[in-house]
Amino acid sequence: MKKNMITGSKLWSIAMITSLLAACSSPATTSTTANAATSTTGTTKTVSVSEQTSVKYADLVSLDADDTNISWSEADSTAIKLNGTTATVTGSGAKAANGSVTISEAGTYVLSGELTDGQIVVNVADKGTVHLVLNGATIHDNDSAAIYIQKAGKAVITLEKGTKNTVSDGKTYVYADATTDEPDAAIFSKADLTFNGAGQLTVTGNYNEGITSKDDLKIISGSISVKAADDGIKGKDMVAIQAGTITIEAEGDGIKSTNDTDTTKGFVAIAGGTFDIQSGNDGIQAETALVADGGTYNIVTGGGSTNAPAKVEEGPFGGGGWGGGTPPTDMGTPPDGEPPADMPEMPTNSGTNTGTNTNGVAASSSANTTTTDNNADADTATTATESTSAKALKAGTDLTVNGGSYTIDSMDDSLHSNNNVTVNDGTFNIESGDDGIHADQALTINGGTITIAKSYEGLEGAIITLNDGDVDVTASDDGVNAAGGETETAANTAASTDSATTATDATTTSNISVTETTGTTSTTDQASQGTAANQQGRGPGGMGGAAASNNEFHINGGSLTVNAGGDGLDSNGSINMTGGTVIVNGPTNSGNGALDYDGTFEISGGYLVAAGSSGMAQGTSDASTQNTIVMTFPATQKAGTLVHVQDSEGNNILTFSPAKDYQTVVVSSPDLAKDGSYVIYSGGTSTGKAVDGLYTDGTYSGGTQVVAFQSTSNVTWVNESGVTTANTGMGGPGGGRGQGGFGGGRNRTQSGTTSDSTVTTDSAK
């Protein structure tokens, strides 16, 4: 579903005008994926995404001997003894004057004692390596960086084992002139900077940032705690963390890289470590790629998910449309009896905490920064203006997680990429004020255990693929939303044709190609989406709705459990399922559906059960090779009321306890036959054990027979009277996306069994 922040009383009128204009023209879809051939005029960005992304820390980071060197001796080092406002230097290469120490030669320098108002300056003309050993040192400078690496080939800071070290600055800096703005961190380096050792370091950046390198920043080991008025740890070309214990409390970003001019730089790569990050803005943010191989993470951004700005589902006229409004927060009670996590609080504003340094420069935080997210979350033609970017893991290009344990409470998206997200492994416990996991382009899950206990939308991307892993999603709006990845403006136009002469198939078995274009686009859809007989019709009598886009949701394995206040599984294009297990507890309102797709839903394997309201219900498509039953009950069934399906031999097809009230249940199983005889029961009990409401063993008994019937199609729609036809739409002004205009919702011309005859059996006991 589209989503906007609540912006005031003008929301209704703006959305009304936009909706009316959009209804009078074809949507300007300019993104192509899968079987779409496209010719474009304008600016085009094409990204090829491997279905099994395996980028790791070692692929991006190389270490030299200096990075890992922690050894030193008195004989081959210079001792710097700090004493209040003075220092004593024993050895060559450094001089103390006016309360500060200047190091002018490469070598090893061992610092101990306390400097109450002074600076350690490294200025080595020959670009050699300077090795600083903090051996129980406390360094503070009132008006500048406490450690300033002005010039060197590389600086290595070793935290001596068993020592505690402290570095801090003041709230006000004094610069040489008005054009100078460096240094601006308690530890500031213009050269490559590496931390290693087994000691402890506490850094307080009162003025701006905690630790900054204008080149590479590497952390090999050590215990590092940073508190900063803005960003905690920042490296321009890279931030590489091999191990260590890192604690950050930052008003801005926790960890970030910033090089936006070289695509081979500006990344964050993490091999492991323990991280506790509380940030006003993003937790870990990479200008380009973010790769995490492992580690243990506890990340809270923007004060957590409860601080998220209020959102509404955008209906035909914005702000929820007629019958829309704020997404429902009643997520029901799961079968295990435990209530789900509360949905995000809906404040009337995002808060206005203030804070400035004594020099009048405001520290960057969720309180004093207003940004516009140009990477449109979800549907096209949507502008989301947010108070700040407060994502937990954020990548400008690709975000790859190969392992680790993540506990995240984020005001904004928990995992976010402006391009692609790949999860190969890891354990995630997520509470998000926006999307649980969001990719502007491809979102691929190849493994791991992902629990999204709270979100606005759980999984979102232009192309979403679940190959393996266990995913559990709770969302106040859509559970899974395949949307976006398209550029649409009022000035752009798109013309669909029936020939595919301008390009070849954009998809191979191992690669996904996503093309994002601005300009004039002519799109040829080789799958002829929008013209197939089982396409979703548009609202009769109302303004026309949008045709299916090229968004895709692929389910090839693993398990997916969804509890959604909006649509359970939503694709602005198509859904394809070849394996795995999918359980959907969909909406209780008729403006959304447990399944919602604009193209087709073809299923050839796996197990699917989806329960929800009946008004917008969809089943799978006729082109499916695996059979499906769609049952609509005469009245809403209470949460926890078992629905049981068995064949004429008494074999269990489905025993399911939905977490919320429901009226329609969709089940697809390899055990369903096209010409099979089945009985559906309501209520009763089972002696088996339920996992996410689905019983896979035990004995069912005590239920009331609702209907007995024989299926004659691979998609059979039934009600209490027997085999019937698919939903044909809703009347009246409803919520949803308004693709049926004033008629409300979408006119469902879902194909399926159309015979009015009913065949009953008495073999089921």
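Here the structure is a predicted model, which means the values were calculated and not measured. (Residues numbered from 1 in each chain as written. Predicted model: local features only at pLDDT ≥ 70, side-chain atom pairs only at ≥ 80, totals over all residues. Heavy atoms only, no water.)

> Explain the overall build of the protein here, please?
Looking only at helices and strands, the protein has three helices and 67 strands in total. Of all intrachain contacts in the protein linking residues separated by at least 6 positions in sequence, the fraction that spans at least 24 positions is 62%. Per element, the accessible surface of the protein, about 27,800 Å² overall, is 47% carbon and sulfur. (Helix = DSSP H or I, 4+ residues; strand = E, 2+ residues; numbered from the N terminus. Contact = heavy atoms within 4.5 Å. Areas by Shrake-Rupley, 256 points an atom, 1.4 Å probe, with all protein chains shown as cover.)

> Explanation requested: the pairing of strand β8 (residues 107-115) in the structure shown.
Most of β8 is tucked away, with seven of its nine residues classed as buried. Pairing between strand β4 (residues 78-84) and β8: seven bridges, direction parallel. Bridging from a neighbouring strand, threonine 78 pairs with tyrosine 109 of β8. Where β8 and strand β10 (residues 129-141) come together, eight bridges link them in parallel fashion. Opposite glycine 107, over in β10, you have valine 130 as the bridge partner. (Buried < 20%, exposed > 50% of the residue type's maximum accessible area, 1.4 Å probe, protein only. Pairing = 2+ DSSP bridges.)

> Help me understand the side chain of serine 657, please; the structure alone is not making it clear to me.
Here serine 657 is to be found in the loop between β58 (652-656) and β59 (662-668). Given the relative accessible area of 9%, serine 657 is considered buried. In terms of polar contacts, serine 657 uses its side chain to reach the backbone carbonyl oxygen of glycine 640, at 3.4 Å. (Polar contact = N/O pair within 3.5 Å; in protein donor to acceptor, adjacent residues only side chain to side chain.)

> Sorry, what's going on with the pattern of salt bridges here?
Note that side chains of opposite charge can pair when their charged atoms are close. Counted according to the given criterion, the structure contains eleven salt bridges. Aspartate 237 is the salt-bridge partner of lysine 265, the closest N and O atoms lying 3.9 Å from each other. Highlighted residues: lysine 265 in the loop between β23 (255-257) and β24 (267-270) and aspartate 237 in the loop between β20 (233-235) and β21 (238-241), separated in sequence by 28 residues. Here aspartate 237 falls in the buried class, since its relative accessible area comes to 8%. A salt bridge links aspartate 282 to lysine 394, with the nearest nitrogen and oxygen atoms 3.5 Å apart. Here lysine 394 lies in strand β32 (residues 393-395) and aspartate 282 lies in the loop between β25 (274-279) and β26 (284-286), a separation of 112 residues in the sequence. The exposure class of aspartate 282 is buried, given its relative accessible area of 3%. Lysine 394 gets classed as buried once you look at its relative accessible area, which sits at 17%. Salt bridges here are not isolated pairs; linked through shared partners, they connect Asp64, Asp67, Lys154 and Lys218. (Salt bridge = Lys/Arg side-chain N within 4 Å of Asp/Glu carboxyl O.)

> I'm lost on the pairing of strand β42 (residues 463-466) in this one. Help?
Each regular strand carries side chains that alternate between the two faces of the sheet. On β42, burial covers both faces: Ile463 and Thr465 on one face and Ile464 and Leu466 on the other are all buried. Taken together, the four bridges between strand β39 (residues 442-445) and β42 define a ladder with parallel strand orientation. Following the sheet pairing, isoleucine 445 is matched in β42 by leucine 466. Summarising the sheet, β42 and strand β48 (residues 552-555) pair through four bridges and their orientation is parallel.

> It is not clear to me how the environment of alanine 395 should be interpreted in this structure. Could you clarify?
Mapped onto the fold, alanine 395 is located in strand β32. Measuring from C-alpha to C-alpha, the distance between alanine 395 and alanine 289 comes to 5.5 Å, with 106 residues separating the pair along the chain. Those residues in contact with alanine 395 that sit more than four places away from it in its chain are Ala286, Thr288, Leu290, His416, Ser417 and Asn418.

> Explain the packing of aromatic side chains to me, please; I cannot follow it from the model alone.
The relation between two aromatic rings is expressed through the spacing of the ring centres and the mutual angle of the planes. For the structure on display, the rule yields ten aromatic pairs. Note on phenylalanine 275 and tyrosine 297: the rings are 4.7 Å apart at their centroids and 5° apart in plane angle, and the pair reads as stacked. With phenylalanine 275 in strand β25 and tyrosine 297 in strand β28 (residues 296-301), the pair connects residues that are 22 residues apart, well separated along the chain. A residue is classified by how much of its surface remains accessible, and phenylalanine 275, at 2% relative accessible area, is buried. A residue is classified by how much of its surface remains accessible, and tyrosine 297, at 2% relative accessible area, is buried. A ring pair is formed by tyrosine 297 and tyrosine 406, whose centres lie 4.4 Å apart and whose planes are at 10°; its orientation type is stacked. With tyrosine 297 in strand β28 and tyrosine 406 in strand β34 (residues 405-410), this residue pair connects regions lying 109 residues apart in the sequence. (Phe/Tyr/Trp six-rings, centres within 6.5 Å; stacked < 30°, edge-to-face > 60°.)

> Mind showing me how you'd approach unusual backbone geometry here?
One can expect most non-glycine residues to show negative phi and most peptide bonds to be in trans. Of note, the bond from glutamate 182 into proline 183 is cis; its omega dihedral lies within 30 degrees of zero at 0°. The backbone of lysine 127 shows a phi angle near 60°, a positive value even though the residue is not glycine. Relative to the elements of secondary structure, lysine 127 occurs in the loop between β9 (120-123) and β10. Even without a glycine there, the phi angle at aspartate 692 is positive, about 55°. Residue placement: aspartate 692 occurs in the loop between β62 (690-691) and β63 (694-695).

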